[in-house]
Amino acid sequence: GSVEALVSRAGRELKLRVVLAAHPADRGPAVLGAAWTLDGSLAVVWEDGAAAFDPATGATRWIFRDVAEDASIRSWRAVDGRIVLYEDDRAARKAQARTEGIRARLLAVNDVTGDVAWAYAMDVEPLPQGVLEAEVKLLGRPLGTHVGVLQTLTRGGNREDYLWTFGAEKGGKPDKRSLPG
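Criteria and thresholds
- Residues numbered from 1 in each chain as written.
- Predicted model: local features only at pLDDT ≥ 70, side-chain atom pairs only at ≥ 80, totals over all residues.
- Heavy atoms only, no water.
- Phe/Tyr/Trp six-rings, centres within 6.5 Å; stacked < 30°, edge-to-face > 60°.
- Helix = DSSP H or I, 4+ residues; strand = E, 2+ residues; numbered from the N terminus.
- Buried < 20%, exposed > 50% of the residue type's maximum accessible area, 1.4 Å probe, protein only.
- Lys NZ or Arg CZ within 6 Å of the ring centre and 35° of its normal.
- Pairing = 2+ DSSP bridges.
- Axes fitted to C-alpha atoms, helices over the stretch in contact; angles between N-to-C directions.

### Looking at the packing of aromatic side chains
With the rule as written, the count across this model stands at two aromatic pairs. Taking the centre distance of 5.6 Å and the plane angle of 20 degrees together, the rings of W118 and F166 count as stacked. Taken together, the positions of W118 in strand β10 (residues 116–121) and F166 in strand β13 (residues 158–167) put the pair 48 residues apart, joining distant regions of the chain. F166 carries the same exposure label as W118, and that label is buried. Ring centres of Y120 and F166 lie 5.2 Å apart, and the angle between their planes is 65 degrees; on these two criteria the pair is classed as edge-to-face. Note that Y120 is positioned in strand β10 and F166 in strand β13, a separation of 46 residues in sequence. In this structure F166 comes out as buried when scored by relative accessible area, which is 1%. Clustering of aromatic rings is evident, with ring pairs tying together W118, Y120 and F166. The ring of Y162 has K176 sitting right over it, with the charged end atom 5.8 Å from the ring centre.

What follows is the structure, given as C-alpha cells:
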C-alpha cells in the first residue's frame, strides 16, 4: 500500500507519496513498536529484544535480550505493567510448521525492571492439512488485566480463529477457545 500527503515547503505545496513495505530482512532487527511504561519510560520492542529509555535524558533503564536462540519476536503488546512478547522459531515457521508445529513462547516482561514476570511455552500444533497461512496477534488494553493471543488459520478462503487469554500480572494456564465465524 501507499500513503499520499500534501505538504508545504518554502511556500510551495508538494504532493508526497510514501510506499509502505516490509522491513528488509538483511537490515534487521526491525523495530516492532513502542509503548509508555508505568514509570514513564519509553519501551521499544525489536525482533530480538526490548529496552526502556528515560524520555528526558535518553538513558537506558533496562534491556531485555532473553529471546531464544534462532527465535524472533513476532508480536507484542503493553498490558498492565507488562510488555508481553510472542516469540517463535524462525526456521520452524515454514519448514516444521506443517509436520512438527512451531516452538513458541509468550513472555511477560515487567515494564519497570525488564525482568521476566512470567513465561508460557506455546508449542503450536502442526498446521492442519490444507492450511495456507497461520497468523498470530496479541490483544489487550494498556491498563487491562488480561492479554490475548489470537491465532488465525487460513484454509481454502476460510478462516479459523483461536483465542488464548492470560492474566497479565501472573500468567498461568490460559483459557483457550475456538471463535465461531
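### What to know about the pairing of strand β7 (residues 71–79)
Among the nine residues in β7, seven count as buried, and that is most of the element. By the bridge criterion, eight bridges tie β7 to strand β8 (residues 82–89) in an arrangement that is antiparallel. Residue pairing across strands places I73 opposite E87, the latter belonging to β8. Between β7 and β8, which pair antiparallel in sequence order, lie two residues; one of them, D80, sits at a positive phi of approximately 45 degrees.

### Some points on the sheet that holds strand β4 (residues 42–46)
Spatially, four strands are ordered β3-β4-β5-β6 in an open sheet, and the strand pairing comes out antiparallel. Both outer strands of the open sheet, β3 (31–36) and β6 (60–64), are each paired with one neighbouring strand and no more. Neighbour to neighbour, the strand axes of the sheet diverge by 15 degrees on average, direction disregarded. For β3 and β4, the ladder comprises five bridges, and the chain directions are antiparallel. The partner of A34 across the bridge, within β4, is V44.

### Topic: the sheet that holds strand β9 (residues 104–110)
Here four strands make up an open sheet; going across it, the order is β7-β8-β9-β10 and the pairing antiparallel. The open sheet terminates on both sides in strands that have one partner only, identified here as β7 and β10. On average, adjacent strands in this sheet sit at an angle of 20 degrees to one another, irrespective of strand direction.

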